[in-house]
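# A structural walkthrough
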Amino acid sequence: MKNSIFQEIRERVSICHPDRAAGRVKNISGLCMSIQGVESLLSIGDRLSVEARSGEKIQSEVVGFWEGHVRTMAFGALDGIGPGCEASLPLSGMPGAALSVNAGWLGRVVNPLGVPMDGKGALPAGGKRQDIKAAPPNAAERARLGERLTLGVRALDAFVTARKGQRLGLFAGSGVGKSSLLSMLVRGTACDVAVIALVGERGREVREFIEDDLGPEGLARSVVVVATSDMPPLMRRDAATSAMAIAEYFRDQGRSVLLLMDSVTRYCMALREIGLSAGEPPATRGYPPSVFAELPKLLERAGPGYAGQGMITALFTVLVEGDDHNEPVADAVRGILDGHVMLDRRIGEQGRYPAIDVSKSLSRAASGCLSARDAGLVKKARSIMARYERMADMIRLGAYKAGSEPETDEAIRLMPALTAFLTQGKQEPVDEGGHDVFTRLAMILGDVSE
């Protein structure tokens with residue numbers, strides 16, 4: 001009799017297909033929850049759902065393990081979550097960090113989880129599943145940088161000449177005109193698709209950027225990923241990684257993609273919050289070691305794809321604390337990217353915008369796309385501006401006597417025209433008067449030879 005009962009139980013169990021496993025929240029400390037009961041099924045980066053006492057389900061991610069418990073962080077507020085709340089995950093098709101992207105995302109504003117924020121309804125279904133934590137292309141097999149790329153800003157096109165697939169850093173303190181420069185780049189860069197990541201942005205400025213800086217035409221060819229400053233650190237982190245995954249989708253379709261990320265500093269700050277909450281020790285200026293391990297993984301994903309694919313030309317903004325361009329994040333980013341653009345507060349105070357410090361800005365790939373004549377013009381213009389800068393105090397004080405040095409006399413004569421060349425309004429075209437930047441530069445320097 002007993003054998004027949006056990007046999008029946010075994011048969012019923014054998015045909016059961018449980019679709020999920022569940023654990024319980026044990027405790028909450030700071031931004032982290034400790035969950036027990038499912039630790040043997042999870043690994044770093046996996047996601048599970050935690051049900052608050054109100055019944056709301058909040059997605060969370062595994063960030064560590066401690067004394068037999070899973071440590072997770074939530075993508076939403078922890079209000080209403082306490083000990084005993086259920087944490088569940090599917091046993092088949094473990095949820096990963098991925099987005100299903102398609103061409104219908106163009107013209108849309110989404111959060112890092114791919115949820116629309118623009119009130120235009122649901123995103124089109126289907127598409128290619130993109131891992132937001134994908135590895136960069138194989139270094140030995142990815143394509144080389146492409147031809148010269150017009151960025152639509154005279155100072156950059158002439159003195160920080162970029163190529164398709166290049167990665168540049170925009171280094172600036174607060175209030176130096178970084179947002180205005182980004183809006184010029186969105187409108188002026190010759191690309192097929194723009195992907196814009198607003199990481200930890202002020203909520204007030206998001207709509208202003210979309211409506212005033214992007215405009216309807218700019219938005220039509222763009223995807224905007226937004227995580228405002230009030231969102232949890234996982235959301236701010238994934239604003240960067242999700243934007244990169246979206247850019248990779250369009251790159252794989254053979255398109256030329258412009259990726260603008262504002263800012264890498266706030267991405268690193270989100271990583272710092274995650275690392276410290278997970279129990280990592282603080283190191284350089286409070287940043288744990290994982291920040292400087294994750295940073296190159298993100299930045300190296302931009303650039304050329306494989307042969308037959310498109311390219312991601314990326315510009316990453318870096319907020320330098322106290323105008324210190326050697327602070328840890330700025331120093332690390334500058335060493336990874338293919339060039340840097342320095343914005344100087346003093347130049348902005350003089351009324352010259354964009355406030356780009358040409359003498360301290362550099363494109364490491366410019367030599368591969370400039371002709372000998374254009375490179376000579378840039379070298380000569382840099383020399384003239386450097387000489388004027390060295391003598392500026394004497395000139396302002398009236399201590400320099402005209403005719404003492406022919407080179408200085410030339411710098412004094414040409415500097416007003418060079419300053420006008422470097423000054424550009426937000427709506428001003430780069431080829432004003434039908435002349436490209438190097439033709440205009442040659443006219444200023446008196447070199448009009450072909």
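Here the structure is shown first, and the text comes after it.
First, a word on scope: everything that follows refers to the structure included in this document. All values derive from a computational prediction rather than experimental measurement. (Residues numbered from 1 in each chain as written. Predicted model: local features only at pLDDT ≥ 70, side-chain atom pairs only at ≥ 80, totals over all residues. Heavy atoms only, no water.)

Moving on: the overall build of the protein chain. Each helix and strand counted, the protein chain has twelve helices and 19 strands in total. Counting every position in the protein chain, which comprises 450 residues, the buried fraction comes to 50%. Contacts in the protein chain between residues at least 24 apart in sequence constitute 71% of all its contacts with a sequence separation of at least 6. Total accessible area on the protein chain stands at roughly 20,600 Å², and carbon and sulfur atoms take up 52% of it. Charge-centre separation for the protein chain: the mean point of 54 positive side chains lies 2 Å from the mean point of 55 negative side chains. (Helix = DSSP H or I, 4+ residues; strand = E, 2+ residues; numbered from the N terminus. Buried < 20%, exposed > 50% of the residue type's maximum accessible area, 1.4 Å probe, protein only. Contact = heavy atoms within 4.5 Å. Areas by Shrake-Rupley, 256 points an atom, 1.4 Å probe, with all protein chains shown as cover. Lys, Arg positive; Asp, Glu negative; His and termini not counted. Charge placed at Lys NZ, Arg CZ, Asp CG, Glu CD.)

Counting 58 residues, the largest nonpolar core has L156, F159, L185 and L418 as the members making the most contacts within it. Excluding residues within four positions of it along the chain, L418 makes contact with A381, I384, M385, L441, I444 and L445. V257, L259, M261 and A302 belong to the second largest nonpolar core, which has 56 residues in total. (Core = buried A, V, L, I, M, F, W, Y, C linked by side-chain atoms within 4.5 Å.)

Turning next to the sheet that holds strand β3 (residues 47-51). Spatial strand order, β1-β2-β5-β4-β3-β6: six strands in a closed barrel with antiparallel pairing. Taken over all neighbouring pairs, the strand axes of this sheet differ in orientation by 45° on average, direction set aside. Pairing of strand β4 (residues 57-66) with strand β5 (residues 69-74) involves six bridges; the strand directions are antiparallel. Note on β5: the bridge partner recorded for G64 is R71. The strands touched by helix α5 (residues 233-252) within the sheet are β3, β4 and β5, with β5 carrying the most contacts at an inclination of about 70°. (Pairing = 2+ DSSP bridges. Axes fitted to C-alpha atoms, helices over the stretch in contact; angles between N-to-C directions.)

Once that is clear, we can look at the layout of surface pockets. By volume, the largest pocket amounts to about 620 Å³. In this structure, the largest pocket is lined by 21 residues; those nearest its centre are I347, Q350, R352, E389 and M415. Of all the secondary structure elements, the ones that give two or more residues to the lining of the largest pocket are α9 (345-349), α10 (372-397) and α11 (406-422). Broken down by element, the lining of the largest pocket gets its largest block of residues, eight residues, from α10. Tallied by class, residues from the lining of the largest pocket come to eight nonpolar, four polar and nine charged. (1 Å grid on protein atoms, 1.4 Å probe; cavity = no way out; pocket = protein on both sides within 12 Å on 5 of 7 lines; lining within 4 Å. Points joined across faces, edges and corners; volume = space filled by probe spheres on them. Nonpolar A, V, L, I, M, F, W, Y, C, P; charged D, E, K, R; others polar.)

For residues that are not glycine, phi is negative in most cases, and the peptide bond is trans in most cases. In this chain, D262 is followed by S263 through a cis amide linkage whose omega measures 10°. Note on placement: S263 falls in the loop between β15 (256-262) and α6 (264-277). With an omega of -5°, the peptide bond between Y353 and P354 qualifies as cis. Along the chain, the position of P354 falls in the loop between α9 and β19 (362-363). Despite not being glycine, E67 has its phi angle at roughly 50°, a positive value. Within the secondary structure, E67 sits in the loop between β4 and β5. Its identity as a non-glycine residue notwithstanding, R285 has a phi of 50°, on the positive side. Relative to the assigned elements, R285 resides in the loop between α6 and α7 (289-299). For R285, a relative accessible area of 47% corresponds to the partly exposed category.

Attention shifts here to the pattern of salt bridges. Under the defined criterion, the tally for this structure stands at 28 salt bridges. Between E61 and R237 there is a salt bridge, with the nearest N and O atoms lying 2.9 Å from each other. You can see E61 sitting in strand β4 and its partner R237 sitting in helix α5, a full 176 residues away along the chain. Among the residues examined, E61 registers a relative accessible area of 2% and is labelled buried. In this structure, the salt-bridge partner of D338 is R167, at a minimum N-O distance of 3.1 Å. Here R167 lies in strand β12 (residues 167-172) and D338 lies in the loop between α8 (328-336) and β18 (339-342), a separation of 171 residues in the sequence. On the accessibility criterion, R167 (7% relative accessible area) is buried. Members of the salt-bridge network, linked through shared partners, are R47, E61, K133, R237 and D238. (Salt bridge = Lys/Arg side-chain N within 4 Å of Asp/Glu carboxyl O.)

On to the state of the cysteines. As enumerated under the stated definition, the model contains zero disulfides in all. In this structure C85 is not part of a disulfide, and its nearest cysteine sulfur, from C32, lies 16 Å away. Looking at C369, it has no disulfide partner, and the nearest cysteine sulfur is the one in C191, 17 Å off. Of the residues examined, C369 reaches a relative accessible area of 21% and is grouped as partly exposed. (Disulfide = S-S within 2.5 Å.)

Bringing the packing of α10 against helix α12 (residues 437-445) into the picture now. Contact geometry of α10 with α12 gives a least axis separation of 10 Å together with a crossing angle of 50°. On the basis of their axis angle, the class for α10 and α12 is oblique. Remark: the crossing between α10 and α12 carries left-handed chirality. Facing α10, whose interface residues are R373, D374, L377, V378, K380, A381 and I384, α12 presents F438, L441, A442 and L445. Along the lines of polarity and charge, the residues of the contact of α10 with α12 split into eight nonpolar, no polar and three charged. (Parallel < 35°, antiparallel > 145°, perpendicular 65-115°, else oblique. Left-handed = near helix turned anticlockwise from the far one by under 90°.)

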